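Understanding the architecture of this molecule
Here's the letter readout for the chains.
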Amino acid sequence: MGCRFVDQREITTAAELSEAEQEQLRAAGRLYDGEDLSAEERLGAAEDEEASFAGFVALWRVVDGAEHRYDAWLYQVDSGTIFRAGTTEVAAEIIQFGLEPHSDEARRDLGPALVAAGLLPRSDSAYAEFAALLAEQA
């Protein structure tokens, strides 16, 4: 069947995050802008509006059947960081809506899942490839 994005959560405060999720958000922020901010700082009002993800961050679980494979943080409209489930090991990044996987496995898992969830724009250069992989999974 392949991986699927499920259980989207709109994140508004650090209090609703586990310790592992707070560390993931910290790591995602560092990749995004180089600033090492806590989850509380990243979700709060900031002098630098780019540093705050407030109002523009969601956390998805990515599953393969019943197996939780990835935690996908999508933020600032066109960006994201996808971690191996429960870790801060980066599996892929979303840069200007496009998937930048860190391995072939992540590419095969996440590309079709992004298409299925409607999270990858049709204008993306890899959309046709990922849509074809998704069709093969059906």
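Numbering of residues starts from 1 in each chain and follows the order in which that chain's sequence is written. Confidence filtering applies because this is a predicted model: local features only for residues at pLDDT of at least 70, side-chain atom pairs given and counted only at 80 or more, and all residues used for totals across whole chains, interfaces and linings. Excluded from the side-chain calculations are hydrogens and water; all other atoms, namely the structure's heavy atoms, are used.

**A closer look at the overall build of the protein**
- Numbering goes from the N terminus for both helices and strands, where a helix is a DSSP run of H or I of at least four residues and a strand is a run of E of at least two. Counting its regular elements, the protein contains four helices and six strands.
- Helices and strands appear in the protein in the N-to-C order β-α-α-β-β-β-β-β-α-α.
- Based on C-alpha atoms, the radius of gyration is set beside the globule rule, defined as 2.2 Å times the residue count to the power 0.38. What you see for the protein is a C-alpha radius of gyration of 15 Å, in line with the 14 Å of a compact globule of 138 residues.
- Throughout, exposure labels follow a simple rule: accessible area from a 1.4 Å probe, protein chains only, divided by the maximum for the residue type, with under 20% read as buried, over 50% as exposed, and the rest as partly exposed. Within the protein, the fraction of its 138 residues that count as buried is 44%.
- Here the analysis covers contacts within the protein between residues at least 6 apart in sequence; of these, 39% occur between residues at least 24 apart. What makes two residues a contact is simply this: any of their non-hydrogen atoms within 4.5 Å.

**Here we look at the sheet that holds strand 6 (residues 98-101)**
- A pair of strands is considered paired only if DSSP assigns at least 2 bridges between the two. Here six strands make up an open sheet; going across it, the order is 1-2-3-4-5-6 and the pairing antiparallel. Pairing within the sheet leaves two strands with one partner each, and these edge strands are strand 1 (3-10) and strand 6. Recorded for the sheet is a direction-independent mean angle of 20° between the axes of neighbouring strands.
- This element, helix 1 (residues 19-33), spans strand 1, strand 2 (57-64), strand 3 (67-75), strand 4 (79-84) and strand 5 (90-95) of the sheet and lies at about 135° to strand 4. Simply put, an axis is a line fit to the C-alpha atoms, just over the touching stretch for a helix, and the angle between two N-to-C directions goes from 0 to 180 degrees.

**Digging into helix 4 (residues 127-137)**
- Along helix 4, the residues that are buried comprise Y127, F130 and L134. Within helix 4, the buried residues cover an arc of 70° as seen down the axis, which keeps them to one side. For helix 4, the exposed residues set more than 90 degrees away from the buried face come down to A128, A135 and E136.
- Buried positions along helix 4 lie against strand 1, strand 6 and helix 3 (104-116). Directions pointing from the helix axis toward each C-beta atom define the arc.

**Structural notes on a nonpolar patch on the surface**
- Nonpolar side chains (Val, Leu, Ile, Met, Phe, Trp, Tyr) within 5 Å and like charges within 9 Å form the patches, drawn only from residues with over 30% relative accessible area and no salt bridge. All accessible areas in this document rest on Shrake-Rupley with a 1.4 Å probe, and a residue is counted as covered only by the protein chains that are shown. The salt bridge definition used is simple: a Lys or Arg side-chain nitrogen within 4 Å of an Asp or Glu carboxyl oxygen. Where nonpolar side chains cluster on the molecular surface, the patch consists of F56, V77 and F97 and spans about 310 Å² of accessible area.
- Looking at where F97 falls in the secondary structure, it is placed in the loop between strand 5 and strand 6.
- For F97, a relative accessible area of 36% puts it in the partly exposed group.

**With respect to the environment of A28**
- When you line up the elements, A28 lands in helix 1.
- A28 sits 65 residues away from E93 along the chain, and the two C-alpha atoms are 8.9 Å apart.
- Excluding anything up to four places from it in sequence, A28 contacts Y75, T81 and F83.

**Focus on the pairing of strand 2**
- Taken across its eight residues, strand 2 has six buried, putting it largely inside the fold.
- Inspection of the sheet shows strand 1 paired to strand 2 by six bridges, in the antiparallel sense. Counterpart to V6 in the pairing with strand 2 is R61.
- Across eight bridges, strand 2 lies against strand 3 in antiparallel orientation.

**Describing the packing of aromatic side chains**
- The criterion for an aromatic pair is that two Phe, Tyr or Trp rings (for Trp, the six-membered ring) have centres within 6.5 Å, with stacked assigned to planes under 30 degrees apart, edge-to-face to planes over 60 apart and tilted to the rest. Inspection of every chain in the model, using the stated rule, returns four aromatic pairs.
- Considering the side-chain rings of F5 and W60, the 5.7 Å spacing of their centres and the 75° angle between planes classify their relative orientation as edge-to-face. Here the residue F5 occupies a position in strand 1, and W60 occupies one in strand 2, the gap between them amounting to 55 residues.
- Here F5 falls in the buried class, since its relative accessible area comes to 9%.
- Summarising the aromatic geometry, the rings of F53 and Y75 are spaced 4.4 Å apart at their centres and angled 10° between planes, so their arrangement reads as stacked. Here F53 is found in the loop between helix 2 (39-43) and strand 2, whereas its partner Y75 is found in strand 3, with 22 residues between them in sequence.
- The class of Y75 is buried, set by a relative accessible area of 2%.

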